[in-house]
Amino acid sequence: MLNITSCAELELEPGEAKIYITKSVDGAIILTPENVQVDKKDKKLTFAFGISRSGRQVAESYSVELSVDNENVPDGTIPLKSNQYLLTTAEGEALGKNIKISDGSVHKSILLTLPAAVFNENIGKKLSLNLRISNPSKYELNENMSEVSIVADVSNFVGSYVDVTKRYLKNTSSPFSITPDSPPIASCDPYQQTPLDWIVNDVVQIHEYQGKNFGGVDARCYGNRNWLSAGNFDYYTSRDILNGKIYQVVELPEGDYRANFEVAEARGGEGHAAFAVAKGNTLPNFTQLTESIVNKEFTASQPTTDFKIDQSTTVSIGFIFNIPKGVQGAYAISNLTLSKRLNIFND
């Protein structure tokens, strides 16, 4: 015979009534962009946690003392100063030393607010705030959860660079995609193809195939080549490449950016090739590089170029070449990446 007992007849154990700081794991709370609320207008972030009580006992009022103990912050972290953070109730009231939980509740919400300026002043560092509860008016403390270090790695919020290449640019690394009418990849003559997604001016397209000119990608039949390139090497030294341009036009929002590109080839020496970012729908001429937002001439190096966009702007990003007759020049790029400096208060 099956006996069924109603829920009302079951007596559940009340458990232990112990007071603790919520959201603590092994004595720490790690702030991340995912567990905070960001106010981009007022440039601040807020993290919600609280003081609570375990057990199924009747919810009677109790109180604890909350104190800051920055003598015991984790190694490698910098303790927050009292003027760098704000602790309040969920209603926005300033939090005093004595925290009271009213009848009918076991929990008190607390908000930690940190201004963006604190992060901007501590790029590359880890910040911490060590909190402790003590002297409960009723019940016991959960000793394993009565003290917590709240830690914020600043690089997760501002300062570090995040790759945004695919967000703004196309076809930026070897093997480069080429136009359907380009000479076949690995063909020996002509020497160059034309890349997809890049604007390549006529000056660069000096390699003839089936009655049309091509240029911008060097994917010849030897040397495992497939590079973004401009050059008049070998049979083309009788041709000028003056103000040759290979670039893309994109809309970049406000922020700090970093461009990295790998130089695969630089025959012809200095003064013939440059990377540039410029406002508008085209790049400046080689002799007018100073008109760009940023520029860097290059040879056989792997340059890093930082630049700043003050407000959302249409820009041209790419390469400018100036190879006169008589210079056996060939300059090639195997990869271009674009990174943006992280700032969750703006992005």
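Residues numbered from 1 in each chain as written. Predicted model: local features only at pLDDT ≥ 70, side-chain atom pairs only at ≥ 80, totals over all residues. Heavy atoms only, no water.

**Student:** Explain the overall build of the protein residue by residue, including any values.
**Tutor:** Looking only at helices and strands, the protein has two helices and 26 strands in total. Over its C-alpha trace the protein gives a radius of gyration of 31 Å, far above what one expects of a compact globule, namely 20 Å for 347 residues. Taken along the three principal axes of its C-alpha coordinates, the protein extends 95 × 65 × 30 Å. Relative to its full complement of 347 residues, the protein shows a buried share of 45%. Considering only residue pairs separated by 6 or more positions, the protein has 77% of its internal contacts joining residues 24 or more positions apart. Counting only carbon and sulfur atoms, one obtains 46% of the accessible surface of the protein, whose full area is about 17,700 Å². With 32 positive and 41 negative side-chain charges, the protein shows a separation of 3 Å between the mean positions of the two kinds. (Helix = DSSP H or I, 4+ residues; strand = E, 2+ residues; numbered from the N terminus. Rg over C-alpha atoms; globule rule 2.2 N^0.38 Å. Buried < 20%, exposed > 50% of the residue type's maximum accessible area, 1.4 Å probe, protein only. Contact = heavy atoms within 4.5 Å. Areas by Shrake-Rupley, 256 points an atom, 1.4 Å probe, with all protein chains shown as cover. Lys, Arg positive; Asp, Glu negative; His and termini not counted. Charge placed at Lys NZ, Arg CZ, Asp CG, Glu CD.)

**Student:** Hey, could you go over unusual backbone geometry for me, with residue numbers and the actual values?
**Tutor:** The bulk of non-glycine residues show a negative phi, and the bulk of peptide bonds are trans. Backbone torsion omega between Ser174 and Pro175 reads 0 degrees, so that peptide bond is classified as cis. One can find Pro175 in the loop between helix H2 (165–168) and strand S14 (192–193). Even without a glycine there, the phi angle at Gln210 is positive, about 50 degrees. Following the sequence through the fold, Gln210 ends up in the loop between strand S16 (207–209) and strand S17 (212–214).

**Student:** An account of the nonpolar core is needed here, citing residue identities and associated values.
**Tutor:** Burial of nonpolar side chains together is a common tendency in soluble globular proteins. Counting residues in each nonpolar core, the largest one holds 38 residues, and the members touching the most others are Leu31, Phe49, Ile51, Leu87 and Phe119. Leu169, Ile206, Ala230 and Leu336 belong to the second-largest nonpolar core, a separate cluster that totals 37 residues. (Core = buried A, V, L, I, M, F, W, Y, C linked by side-chain atoms within 4.5 Å.)

**Student:** Describe in detail the sheet that holds strand S15 (residues 199–200), supporting the description with residues and values.
**Tutor:** Here we have five strands laid out as an open sheet, ordered S15-S20-S25-S22-S23, and antiparallel in their pairing. The sheet is open, and its two borders are formed by S15 and strand S23 (294–297), each paired with just one other strand. Pairing geometry for strand S20 (residues 241–252) and strand S25 (residues 313–323), over 11 bridges, is antiparallel. Looking at the pairing, Ile241 lines up with Ile323 of S25. (Pairing = 2+ DSSP bridges.)

**Student:** A description of the environment of Ser102 should follow, citing residues and the corresponding values.
**Tutor:** Examined against the element boundaries, Ser102 turns out to sit in the loop between strand S8 (98–101) and strand S9 (108–115). Residue class for Ser102 comes out partly exposed when judged on its relative accessible area of 46%. Measuring from C-alpha to C-alpha, the distance between Ser102 and Ser61 comes to 4.5 Å, with 41 residues separating the pair along the chain.

**Student:** Report on the pairing of strand S26 (residues 330–343), specifying residues and quantitative values.
**Tutor:** Buried residues dominate S26, accounting for 13 of its 14 residues. In this sheet, S26 lies alongside strand S19 (residues 227–231) in antiparallel orientation, the contact comprising four bridges. Looking at the pairing, Ala230 lines up with Tyr331 of S26. Taken together, the 10 bridges between strand S21 (residues 255–267) and S26 define a ladder with antiparallel strand orientation. Bridged to Phe261 within S26 is Leu336.

**Student:** Residues and numbers for the side chain of Gln248, please.
**Tutor:** Tracing the backbone through its elements, the reader meets Gln248 in strand S20. Overall, Gln248 belongs to the buried group, its relative accessible area being 5%. Here Gln248 is in contact with Leu169, Lys170, Thr172, Asp197, Trp198, Val315, Ser316 and Ile317, once residues within four sequence places are set aside.

**Student:** Lay out the environment of Ser67 with the relevant residues and their values.
**Tutor:** Tracing the backbone shows Ser67 in strand S5 (residues 62–68). According to the relative accessible area criterion, Ser67 is partly exposed, its value standing at 26%. Placed 30 residues apart in sequence, Ser67 and Lys97 show a C-alpha to C-alpha distance of 6.4 Å. With near-sequence residues (within four places) excluded, Ser67 lies in contact with Asn130, Leu131 and Arg132.

**Student:** An account of the pattern of salt bridges is requested, with residue identities and associated values reported.
**Tutor:** Any two side chains of opposite charge can pair, on the condition that their charged atoms come close. Under the criterion given, the structure shown has 10 salt bridges. One salt bridge connects Glu265 with Arg267, and the closest N-O pair in it is separated by 3.0 Å. In this structure Glu265 comes out as buried when scored by relative accessible area, which is 8%. Assessed through its relative accessible area of 40%, Arg267 is described here as partly exposed. Three or more residues joined by partner-sharing salt bridges are found here, namely Asp218, Arg225, Glu265 and Arg267. (Salt bridge = Lys/Arg side-chain N within 4 Å of Asp/Glu carboxyl O.)

**Student:** Talk me through the packing of aromatic side chains; I want residue IDs and the actual numbers.
**Tutor:** Within the structure shown, the criterion is met by 11 aromatic pairs. Taking the centre distance of 5.9 Å and the plane angle of 20 degrees together, the rings of Phe47 and Phe49 count as stacked. Exposure class is identical for Phe47 and Phe49. Each is buried. When the centroid spacing of 6.3 Å and the interplanar angle of 65 degrees are considered together, the rings of Tyr209 and Phe214 count as edge-to-face. Classification of Tyr209 as partly exposed rests on a relative accessible area of 22%. Taking the relative accessible area as the measure of exposure, Phe214 reaches 3% and is therefore buried. These aromatic residues form a ring-pair network of at least three members: Phe261, Phe275, Phe298 and Phe319. When the ring centre of Tyr139 is taken as origin, the NZ or CZ atom of Arg53, which lies over that ring, is 4.9 Å away. (Phe/Tyr/Trp six-rings, centres within 6.5 Å; stacked < 30°, edge-to-face > 60°. Lys NZ or Arg CZ within 6 Å of the ring centre and 35° of its normal.)

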